[in-house]
Amino acid sequence: MTPRRRLLALAAAALLGACSEQLETPVECPALCPGGQPQLRDTSIVAQFQRDSSYVGYVERGEGVAMLVSNGMPAADARAVLRLNARPATVTVRDTARTYVVDSVRIQVGVTARDTAVRGIQLRAFRIPRTTTTLATFAEVTAADQPANLVATLPLADTLRRGTTSVTLSGPALAAMGIAPADSGIVALAFALAAPAPTGVSLAAPPIGGTLAPLVTWFVTANGVTDAALRSQLIPVSGALGWWVAAPGAAAPPGTLGVGGLPAQRAFIRFRLPPVIRDSATIVRATLELYPVRPITGLRNEPNTMDTRPIISDLGPKSPGVQGAVVATVLPTAGAATDTLRIEVFNFARFWLGTAGVPPVLALQMQGEGSTWTWPAFGSTVSGSPPRLRITYLRRFPFEQP
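Residues numbered from 1 in each chain as written. Predicted model: local features only at pLDDT ≥ 70, side-chain atom pairs only at ≥ 80, totals over all residues. Heavy atoms only, no water.

A.B. asks: I tried to follow the sheet that holds strand β20 (residues 341-344) on my own but got confused; where do I start?
C.D. replies: Within a sheet, adjacent strands bond to each other through the backbone by hydrogen bonds, running parallel or antiparallel. Here four strands make up an open sheet; going across it, the order is β1-β23-β17-β20 and the pairing antiparallel. If you trace the sheet from one side to the other, it starts and ends with β1 (40-46) and β20, each paired once. Each neighbouring strand pair of the sheet contributes to a mean axis angle of 20 degrees, computed without reference to strand direction. Where strand β17 (residues 282-290) lies against strand β23 (residues 388-394), seven bridges are found, and the strand directions are antiparallel. Bridging across to β23, I283 finds its partner in Y393. (Pairing = 2+ DSSP bridges. Helix = DSSP H or I, 4+ residues; strand = E, 2+ residues; numbered from the N terminus. Axes fitted to C-alpha atoms, helices over the stretch in contact; angles between N-to-C directions.)

Here is the structure:
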């Protein structure tokens, strides 16, 4: 039995099942039974012209949970940027502030996701101006990736999927982490990736990365302290801000519906339900169809999830979602989804029907906004194939007159 025939059979059974009983009142069931057959129909509703749009800025640089870094992988060519808190000019020993001499420094970062199929990965840490802000472009950050600015190379063990990696500098290598007086104790670093094949790594971002958040520890000797047990001191310096920048080609093409990225995008798709559906029909199936304008790519073995939800009222980019109503769709990460992406939204249909229903608008956003490798871009009503809502519904049953 085809799906359509199955739906028709279920609808007919629901409507006709009650007519098999004898009523206790003088009027028997045949007089009340509906005439004709259930009218199961399909329709395809295209998004309203120029009323589907993407808005940017839900998660800004420095607000994500991860910093992305890669070496030209299709999803994005990205560099991580880290600005540390200021290193204090003195250490306190027995209530006395002391200057110090730096003996060594350990740079530690935490990995939250990576493709373990690529081996021999290394992170290159290099200095960037401490005045670098979240407005810096990919070109500006990569311009500083010069041998003279290289601080250290951090190896990533082939078995490391989630955890920390570190490197300790001492002797002449300490010069790379020298802090000029004009920098007020602040160091800014960027991270690039070296690997034998295109790949990427997600690094925990400060300040919400927990135990995996970046940490730079300065091992120092306090001046003027004779007690050997107190002379050696540690100065841990955490990250003040962490973000990432990507090559321009990673963003969604103009005019399309972009989701994800940084600053994070969300897409809103508006439909207009015909009165015959909105006022008097029973929706038995509703499917959102999206048409990617490019392969959906991401970090291999690290799938990302896109949420689709209805909204309570249409307030543009600030439209609030219906609480508890969401469909989570795991997106492909290997570039296979060049065809139609279908998302079942039947559970949302009940919110749209009747004169008091919420607007038939669907909002799309990535889980883990601002920290994902997957940045889908879908066709819109002005570029590419527009989104569609395919609905199967039952019209009001034509009951016979008594």
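A.B. asks: Explanation requested: the packing of aromatic side chains in the structure shown.
C.D. replies: Remark: the centre distance and the inter-plane angle together describe each pair of aromatic rings, the angle taken between the planes. Within the structure shown, the criterion is met by two aromatic pairs. Ring geometry for Y55 against F268: centres 5.6 Å apart, planes inclined by 65 degrees, an arrangement best described as edge-to-face. Taken together, the residues Y55 in strand β2 (residues 53-56) and F268 in strand β16 (residues 265-270) connect sequence positions 213 residues apart. A residue is classified by how much of its surface remains accessible, and Y55, at 23% relative accessible area, is partly exposed. Residue F268 is classed as buried on the basis of its relative accessible area of 2%. (Phe/Tyr/Trp six-rings, centres within 6.5 Å; stacked < 30°, edge-to-face > 60°. Buried < 20%, exposed > 50% of the residue type's maximum accessible area, 1.4 Å probe, protein only.)

A.B. asks: Can you walk me through the sheet that holds strand β19 (residues 327-331) in this structure?
C.D. replies: The five strands are arranged β2-β16-β21-β18-β19 in an open sheet whose pairing can be described as antiparallel. At either margin of the open sheet sits one strand with a lone partner, and together these are β2 and β19. For this sheet, the mean angle separating the axes of adjacent strands, direction not counted, is 25 degrees. Where β16 and strand β21 (residues 361-366) come together, four bridges link them in antiparallel fashion. The residue of β21 that forms the bridge with A267 is L364.

A.B. asks: Help me understand the environment of R127, please; the structure alone is not making it clear to me.
C.D. replies: Relative to the elements of secondary structure, R127 occurs in strand β8 (residues 121-128). Remark: the alpha-carbon pair of R127 and A152, spanning 25 residues in sequence, is separated by 9.8 Å. The residues contacting R127, other than those within four sequence positions of it, are A144, N149, V151, A176, M177, G178, D183, V187, A188 and L189. A distance of 2.8 Å separates the side chain of R127 from the backbone oxygen of A176, its partner in a polar contact. (Contact = heavy atoms within 4.5 Å. Polar contact = N/O pair within 3.5 Å; in protein donor to acceptor, adjacent residues only side chain to side chain.)

A.B. asks: Got a minute to help me understand the pairing of β19 in this structure?
C.D. replies: Each regular strand carries side chains that alternate between the two faces of the sheet. The alternating pattern of β19 places V327, T329 and L331 on a buried face, while none of A328 and V330, on the opposite face, is buried. Pairing of strand β18 (residues 304-310) with β19, which is carried by five bridges, proceeds in the antiparallel orientation. Note that in β19 the partner of T305 across the bridge is V330.

A.B. asks: What is the right way to look at unusual backbone geometry in this model?
C.D. replies: In most cases, non-glycine residues show a negative phi, while peptide bonds are predominantly trans. Cis geometry marks the peptide bond from P206 to P207; its omega dihedral reads 0 degrees. Note on placement: P207 falls in the loop between β12 (200-204) and β13 (215-222). Omega for the peptide link from L262 to P263 comes to -5 degrees, which places this bond in the cis form. Relative to the elements of secondary structure, P263 occurs in the loop between β15 (257-258) and β16. Notably, R94 is not glycine yet its phi reads approximately 55 degrees, a positive angle.

A.B. asks: Sorry, what's going on with the pattern of salt bridges here?
C.D. replies: Where charged atoms from two side chains of opposite charge come close, those side chains can pair. In the structure shown here, the tally under the stated rule is 15 salt bridges. Among the salt bridges present, the one from R130 reaches D183, with a minimum N-O distance of 3.7 Å. Here R130 is found in the loop between β8 and α3 (138-143), whereas its partner D183 is found in the loop between β10 (163-170) and β11 (188-194), with 53 residues between them in sequence. Of the charged contacts, one joins D307 and R309 as a salt bridge, the two residues approaching to 3.6 Å between their closest N and O atoms. In this structure D307 comes out as buried when scored by relative accessible area, which is 8%. Using a relative accessible area of 22% as the deciding quantity, one classes R309 as partly exposed. Salt bridges sharing common partners tie together R51, R270 and D314. (Salt bridge = Lys/Arg side-chain N within 4 Å of Asp/Glu carboxyl O.)

A.B. asks: Any chance you could explain the layout of surface pockets here in plain terms?
C.D. replies: Take a probe with the size of a water molecule and roll it over the atoms, and the empty space left behind shows itself. There is about 280 Å³ of room inside the largest pocket. Lining the largest pocket are 25 residues, and of these R61, A251, L262, P263 and W375 sit closest to its centre. In terms of residue count, strand β14 (residues 232-246) provides more of the lining of the largest pocket than any other element does, three residues in total. Tallied by class, residues from the lining of the largest pocket come to 17 nonpolar, six polar and two charged. (1 Å grid on protein atoms, 1.4 Å probe; cavity = no way out; pocket = protein on both sides within 12 Å on 5 of 7 lines; lining within 4 Å. Points joined across faces, edges and corners; volume = space filled by probe spheres on them. Nonpolar A, V, L, I, M, F, W, Y, C, P; charged D, E, K, R; others polar.)

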